[in-house]
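# Secondary and tertiary structure notes
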Protein chains: 4
Amino acid sequence: MIKAAVLGATGYAGIELVRLLSNHPEVSIEVLGSQSFAGKKISDVYPNFRHVLEKECSVVDMDAVSKCDVAFTALPHGASKDVIPALLETGVKVIDLSGDYRYDKVEVYEKWYGQKHSSPELLRESVYGLPELHREKIKSARLIGNPGCYTTCSILGTVPLLASKAGSTKNIIVDAKSGVTGAGRGLSQQVHFCECAETAKAYKVAAHRHTSEIEQELSNIAGEDVMISFTPHLIPVKRGILSTIYVNLNKPYTTEELTEIYKDYYKDEYFVRVMDPGILPEIKNITGSNFVDIGVVADERLQRAVVVSSIDNIVKGAAGQAVQNMNLLFSLDEKTALATAGFYL
Amino acid sequence: MIKAAVLGATGYAGIELVRLLSNHPEVSIEVLGSQSFAGKKISDVYPNFRHVLEKECSVVDMDAVSKCDVAFTALPHGASKDVIPALLETGVKVIDLSGDYRYDKVEVYEKWYGQKHSSPELLRESVYGLPELHREKIKSARLIGNPGCYTTCSILGTVPLLASKAGSTKNIIVDAKSGVTGAGRGLSQQVHFCECAETAKAYKVAAHRHTSEIEQELSNIAGEDVMISFTPHLIPVKRGILSTIYVNLNKPYTTEELTEIYKDYYKDEYFVRVMDPGILPEIKNITGSNFVDIGVVADERLQRAVVVSSIDNIVKGAAGQAVQNMNLLFSLDEKTALATAGFYL
Amino acid sequence: MIKAAVLGATGYAGIELVRLLSNHPEVSIEVLGSQSFAGKKISDVYPNFRHVLEKECSVVDMDAVSKCDVAFTALPHGASKDVIPALLETGVKVIDLSGDYRYDKVEVYEKWYGQKHSSPELLRESVYGLPELHREKIKSARLIGNPGCYTTCSILGTVPLLASKAGSTKNIIVDAKSGVTGAGRGLSQQVHFCECAETAKAYKVAAHRHTSEIEQELSNIAGEDVMISFTPHLIPVKRGILSTIYVNLNKPYTTEELTEIYKDYYKDEYFVRVMDPGILPEIKNITGSNFVDIGVVADERLQRAVVVSSIDNIVKGAAGQAVQNMNLLFSLDEKTALATAGFYL
Amino acid sequence: MIKAAVLGATGYAGIELVRLLSNHPEVSIEVLGSQSFAGKKISDVYPNFRHVLEKECSVVDMDAVSKCDVAFTALPHGASKDVIPALLETGVKVIDLSGDYRYDKVEVYEKWYGQKHSSPELLRESVYGLPELHREKIKSARLIGNPGCYTTCSILGTVPLLASKAGSTKNIIVDAKSGVTGAGRGLSQQVHFCECAETAKAYKVAAHRHTSEIEQELSNIAGEDVMISFTPHLIPVKRGILSTIYVNLNKPYTTEELTEIYKDYYKDEYFVRVMDPGILPEIKNITGSNFVDIGVVADERLQRAVVVSSIDNIVKGAAGQAVQNMNLLFSLDEKTALATAGFYL
C-alpha cells in the first residue's frame, strides 16, 4: 500500500483527491492536512464521506508526513513553495497541485505570479506532470508540478496540430469556459449562487496565469516561441472546462484528415478520447472522470481548425491527473482508480 | 463472475446501472438490451462510456439472456410484466426496476396502475427488494421487485418511528422533492430545460402511484393500515430526492431521543446514515451514491417529528439498490461496488 | 410625483425595489441609501441599471430623507428599528421590509428575534402590510411592517380554509421551498454556487422566525390560537417560493368545492390568481411579478386539503408588496407598476 | 393605439414579444396567432399572463390581420416567406423574426438555408432591422427582416473596429455562448434538462447560418468581403448570449484607446452600453432587457482586440429589437416600453 498525505484536503481539489484516493485499491490515506478544519473529521466537513472515510483532519505534522510515500499539496499558489522543500527533506515524493513548480524558467513564474520564487533549484528539478507529454520523466521524479486545469485542456487540444506541423503557431486562440469549482471554495461575491446562476462572463482577459503555462508547453512542442490569446470564462456549472481552440492551418485539410492526425497522436493514450468526425465533446461526458475529450473541425472556407477539448477541471485538471502521476511514480497501472465513466447525469 | 443482462440499458435508470456494474469487480455485462438503440454501441449513445465500455446494444435475445445469471429489467411500468415470465423460464434471476412486482396484493397494483396484472402468481412470489426491511427474503428470491425512488426515501425515513411506536400512524405527511431524472429520458414539455430551470412545482398531488407502495410497507411495519399524504415535487436538479416527513408523536420526545431511535434502528445498516442532532441531509451528499441520509427534529411545541431523508433517485432509488439486491442474491458483500462517497461537487 | 428614499438599496430586496420603482410612473427615487457602496453609482454596483438609473448611493442623510414622502427600509432585522423612529420624526411615511414592525405583540417579537424591542409603542402603531388582509388600515398608516416572504406565501395560501371554517386549525403543516435570494446578498458557504447548485436542503426546522408571523395572522383569521409546523427549504433557483400546505378538513370536500372557496375569497384581489382544478402553481409563472398563485387539491381519501401557493420572494414577498403598500398609502391604483406578467423564461 | 398581430405567439420569441407589447403604452394586441394552441387563451398556455392578458389564440385570419397596423411574424425559418406576401397585401407593415428577409442577396439566403426563396423581390425590398446600423431605412420600411440573435450580438460587438479601420478584416473569430431559449420551445434530446444542465457544448461549428448574416453586415461596414469563424455554444442558462470576439489590430492600441473608439461610435445609442476599461459584460446584466453590453480589451502582447458583447437573445436578439423597430416605424420614441433594467436576479 502506498501511504499518502493530502495537504489542503478540504479545498475543492483536495477533497476530489480524497474521493479518488478513497477508491484506490493501492493507497491508504494517512494524513488529511487542513488548516481550517484541523480536529474535525473529514466526514463532518464533507458529509458525503460519512461511512466511507471518517478520518480526522490535522494541521501538517512533518513527522506524520515523513512516514508517507507521497504527499499531495493542494495548497494556494505561493503557499506550496513554502512547505515543499521541507516535505522533500523527509524523503516523500511530492505532487504539487499549485502553480509553484510548473515552469521551466523561474523568470516566467516570477513574472506571471508576481512574486520571487524561494526555491528555484527545486523548480529546475521538478517535472511538469502532464503524462501525455512527459511520462518518462514523471516516473522517476521526486517533485511533480501538476498542471493547471485550463492548461491541461488547452495543451492537449492543441499539441497534435503543432507536432504535426499542420497548424500555424501564429494566431492561436483559446476560448475556454469553466465551471465554478475552478474558482475554489473560498467566498467572494462572484461565486454567490445568485450572482453566477443564469449568467456567464469572461474574466482576466489577456491576463490569466495559465496563458504562460500553455505557451511554455506549446513552444516546446513547436520548437519555437508560441504566444496565444487565452480567454477564460465562467459558466454556471460546477465542474468541467470546454476549450474552443482556433488554429490556422498551413495548408488545406478536411475534418477527416485532422481527426486522423489527432487519433494517431493519441493512439496509445487511454485518457484522451478523440471524437469521430461530426461529434464534439460535451462537458457532461467527462465530469467526474479523468478523460480528455477532443473533437476537431476543419473550417475549409478559412483554412482553419476549430478544436473543442473538454476535461473535468478538478479531475484531469487537478486531482485525477495527480493520481495518474502517482500511479506512474509508483509503477502502477496508470489507469488504476481512474478508469471510470463520467457522471453524465 | 456474475453474468448480467441489462434490459432497457439506455434509459436513465438503465445507464446508471451500467455505470455501477462497469465498476463492479464480480460482474461482467453480457447483454445491453435497448429497443431504441439496438446496433449502436452504448458508448455512442452515452459518450461518457468511451474507452470504458464499448459494447453494442441489442434487442432482447432470450438465448443470450439465458446464458446470464441475472437480468435487470429497467423497462417502463407495464412492459416489465410482459417480458419477465419468459425471462424467469430461462432460469435467470430477475431484478425488476419497474412497479410491476412490488406489491403484496394484486388489487393494489391494478387500482394504482390502472391495468390488469398478467402474472399475479409471479407477483405473489416476488420479493420487495428493500434490503433494509427484507434482506433475508431477498437472498433466496428468484424475482425481486426493486422499490421506487420516492418509496425508498420515504419508507426508510418513516419506519423507525412506527416500529418503535413513537410515531402515530395518523396524519403522516410526506412532502418529497425530486430531481428531473425521475421523469426519465423521454421528451415532454415539462422536462425542457427552459421549462424546468429556475422553477419548481408539485404534481400528481394525492394521486402518485408511489403512495400505495409506501403505504404497503408502512402498514406492514405498523401492523395496521396506514394512509399517508404524499406530494411529489419537481426541482431543478438532475439527481436526488429530499423527503420531508411529518409524523405526530405519541408522547413528547426531544430531537436527541428521536435521533437515538433512528440510530438504534439502523445500527447495522451501512447504507443508512443517521445524522447527529442539528445536522440535516442535503442532496449533494448522496448524489451518485447508494446512501440514505436521515435527520430528525422534534418540534416540541407540536409534539411532532419532522424527518428529512435523502437518496439519489437513480442510485439507492433504482440502480444502486438493484446492485445491492444482486450482491445479496449472489452472496457477495452487500457493499461491493457501492461503498463510495457521493459526488458532492 | 412621490419622492421616495430606499434605505439598504444594494441588498437583494433593495435593488428589486429600485427596479420596480424605476418603472413606476408616479415615483421619483430621491435617496439610495447604502452603507457599503456610498459614493458609488447604483449602476456601478448593479450594471443592469446603466442608462436606466445612474444615481449615486449615499449613507443615510436625514435631511435628504425628510424631503421625501416615503422611505423604504430594506435593512437587516434589528437595524430597522434603530433608524425608523428618527425617520418618522421627519414626517415621512415608512414601509419597513424587516421583521421589526410586523407583530401585534412585542413579546412575540422578542421571543422569536431574541432581542428587546426599542420602540414597542411604534410596533403597536404599525400596520401589518398585507393588503389582501389589511387594506383599509394600510391606507392611513404611518408605519407599515411589510410581511416576510415565506409569510405572505403561506398566509394567503391558508386563509380561505380557515376563514370559511372548511379547514381545521389543528395539524396545519407548511412545507416551503425557497430560492437563494431569500438568503440575501451576504456571503456564506451555503450560498456558494458549488454548494447550492444541484442540491436542496431543509433548514431551521421547527425554528424559523416566519412561523410566528404566520401563526399571528392565521390566529386572527381563525379567532383562536393556531400553531403550525413550518419547514423552510433551499432549492437551486434564484427567485421564488413554493409552499405546500396541508390542512385537515372539517368535512368532506371535492377539489372543485375547495377551489370555489378560494376563488370566492379572492374574487376582488388582482394579485391573487386561484388556479382552476387540475392546475397547480409553478414558480416560473410568478418570478419577477407581484402575483400569488394558488392551487388546491382535496385528498378525499384523507379528508385533507393540499394547497400549493407560490410567490416571488423578492417581489410579492418583499419589494413588490412594498410598492403595493405605497400605492395604497398614496391613493394610487394599487396595481400601478405591478400589473406585469412573470418572467416565465 | 397601434394595432398589432403576433403570428407564432406561443414560441419563445413570440411570447417574449407578447410580454413586451403587453407593457407597451401605445400598442393593443389584436391577434395572437398560434397553430398549436388555437382556441386556447394565451394565459392557459403561459400562466404567467393570467390577469394580465387573457386573449384567445387563433389560427391566422387574414381579415383580422388586415385591420392591424403591424404584424410580427415569429414563425420558423422558411414558413415566414410563405405567409408574408399575403400579409403585405392587406396593407400591414411586417416585422419578420425569421431568417427569410435578412439578406441583401438571394443567393446567400439560398445557400445557407438550403431552399429556394419564393419572393426574392420582397427580399430585395426588405430592410435589415438593426436600428444601430439602418435606422433611417427602417423608419420607412414596409417589411423588416429582424436580425438573428447571435448576429445582433456579434455585429454590434465588431463594427466599431472595422468602421474605424483599427481592426483587421482577416482572422476575425466570434466565439458565442447562448442560452437554451435560442433552441426554441420544440422538444429534442439536447434540450432535456438532464442533458443540458451542468454541461456545455459547441455545435454547428463552421456551419451555423448566422455566419452569413454577420459576414454580410461586416462586409458592408468594411467595404470589402469579410469572412469570419463563428462558433456557437450552448450553456445552461435560459436567456442570453455572450460573444467573445477576436480581432487583430492594424497597429498597437491600449484598452483605453479601443474603449474610446467604441464609446465614440455608439455615443448616441441608448441600447448600447460600452463598459469602462476593466469592466466586462455579464449576461445577468442584460437578461430581460433590450441592452447590448460591450467591453473591449487590448491584448498588447499580440496586437489583438478581445471584445465581449452580450445581449438577451429573445429581447435584443428577437422580440425587443422587433419592438424597437416598430417604435421607429410608427415614429414613437425608440425606447418606448424598452427602457428597463435587466433582471440581474
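One numbering rule holds for all chains: residues counted from 1, following each sequence as written. Chain A is the first chain written and ligand 1 is the first ligand written, with later ones labelled in order. Local features in a predicted model are, by the rule used here, given only for residues with pLDDT of at least 70; side-chain atom pairs are given and counted only at 80 or more, and totals for whole chains, interfaces and linings are based on all residues. As a rule here, side-chain values come from all non-hydrogen atoms in the structure, and water together with hydrogens is ignored.

### Focus on the interface of chain A and chain D
Contacts: residue pairs with any heavy atoms within 4.5 Å of one another. Taken together, the contact pairs 46 residues of chain A with 46 residues of chain D. Values labelled buried area give the accessible surface lost by two parts on being combined, using a 1.4 Å probe and summing over both. Area buried by chain A at its contact with chain D is led by Glu198, Tyr246 and Arg301 of chain A, which between them contribute 16% of it. Take a side-chain nitrogen of Lys or Arg and a carboxyl oxygen of Asp or Glu: if they are within 4 Å of each other, that pair is a salt bridge. In this structure, the connection of chain A to chain D is made through 6 salt bridges. One salt bridge in this structure joins arginine 301 of chain D and glutamate 215 of chain A, with 2.4 Å as the shortest N-O distance. Top contributing element to the side of chain A that touches chain D by residue count: strand S7 (residues 172–178) of chain A, with 5 residues. Grouping the constituent residues of the side of chain A that touches chain D by class yields 25 nonpolar, 8 polar and 13 charged. We count a stretch as a helix when DSSP gives it H or I for four or more residues in a row; a strand needs E for two or more, and each element gets its number in order from the N terminus. Gly is put with the polar residues, along with every residue not named as nonpolar or charged; the nonpolar set is Ala, Val, Leu, Ile, Met, Phe, Trp, Tyr, Cys and Pro, and the charged set is Asp, Glu, Lys and Arg.

### Some points on the relation of the copies chain A and chain D
Once turned by 180 degrees and shifted 0.0 Å along the axis, chain A lies on chain D with an RMSD of 0.0 Å. Here the two chains are linked by the operation of a two-fold rotation axis. The overlap is high: 100% of the interface residues of chain A also sit at the interface in chain D, so the same surface is used on both sides. Least squares is the method for superposing the copies, and the C-alpha atoms it fits come from residues with pLDDT of at least 70 in both.

### Regarding the sheet that holds strand S5 (residues 127–128) of chain B
Residue and element names in this part refer to chain B. As summarised here, the arrangement of the 6 strands in space is S2-S1-S3-S4-S6-S5, forming an open sheet in which the pairing is parallel. In the strand order of this sheet, the two ends are held by strand S2 (27–33) and S5, each with one partner. At least two DSSP bridges between two strands are required for those strands to pair. Judged from the 2 bridges that link them, S5 and strand S6 (residues 143–145) form a sheet pairing that is parallel. Bridge pairing in S6 links tyrosine 128 to glycine 145.

### Describing helix H4 (residues 80–89) of chain C
Residue and element names in this part refer to chain C. All of the buried residues along H4 are Ser80, Lys81, Val83, Ile84, Leu87 and Leu88. One face of H4 carries all of its buried residues, which in axial projection span an arc of 160 degrees. Those residues of H4 that are exposed and angled more than 90 degrees off the buried face are Asp82 and Glu89. A positive backbone phi angle near 100 degrees is found at glycine 91, which sits one or two residues after H4. For every residue, the accessible area (1.4 Å probe, protein chains only) is compared with the maximum for its type, and the residue is labelled buried under 20%, exposed over 50%, or partly exposed between those bounds. Regarding the arc, it is the one traced by the directions from the helix axis to the C-beta atoms.

### Here's the deal with helix H10 (residues 210–222) of chain A
Residue and element names in this part refer to chain A. If you check H10, its first and last C-alpha atoms are 18 Å apart, about what 13 residues at 1.5 Å a residue would give, namely 18 Å. The buried fraction of H10 amounts to 11 of the 13 residues, a majority that puts the element mostly inside the structure. Along H10, the positions that sit buried rather than exposed are His210, Thr211, Ser212, Glu213, Ile214, Glu215, Gln216, Glu217, Leu218, Ser219 and Ala222. Those residues of H10 that are buried lie in contact with helix H5 (106–113), strand S5 (127–128), helix H7 (131–139), helix H8 (149–163) and strand S9 (228–234). Any helix carries an expected span of 1.5 Å times its number of residues minus one.

### What to know about the interface of chain C and chain D
Contacts between the two partners involve 34 residues from chain C, matched on the other side by 33 residues from chain D. Contact between chain C and chain D buries roughly 3000 Å² in total, counting both sides, with carbon and sulfur atoms accounting for 58%. At the junction of chain C and chain D, the tally comes to 0 salt bridges. A 3.5 Å cut-off defines polar contacts: any pair of N or O atoms within that distance qualifies, except that in protein one atom must be a possible hydrogen donor and the other a possible acceptor, and neighbouring residues in sequence count only when both atoms are side-chain atoms. Linking chain C with chain D are 17 residue pairs in polar contact (both at pLDDT 80 or more). Within the residue set of the side of chain C that touches chain D, elements represented by two or more residues are helix H1 (12–22) and strand S11 (272–274) of chain C. Classifying every residue of the side of chain C that touches chain D gives 19 nonpolar, 7 polar and 8 charged.

### Things to note about the pattern of salt bridges
On inspection of all chains with the given rule, the structure shows 88 salt bridges over all chains. Across the pair glutamate 16 of chain A and arginine 19 of chain A runs a salt bridge whose closest N-O atoms are separated by 2.8 Å. You can see glutamate 16 of chain A and its partner arginine 19 of chain A sitting in helix H1 (residues 12–22), 3 residues apart, about one turn around the helix. Assessed through its relative accessible area of 9%, arginine 19 of chain A is described here as buried. Its salt-bridge partner being aspartate 175 of chain A, residue lysine 177 of chain D comes within 3.0 Å of it at the nearest N-O pair. Here lysine 177 of chain D, found in strand S7 (residues 172–178), pairs with aspartate 175 of chain A, found in strand S7, and the two come from separate chains. Its relative accessible area of 1% is what places lysine 177 of chain D among the buried residues.

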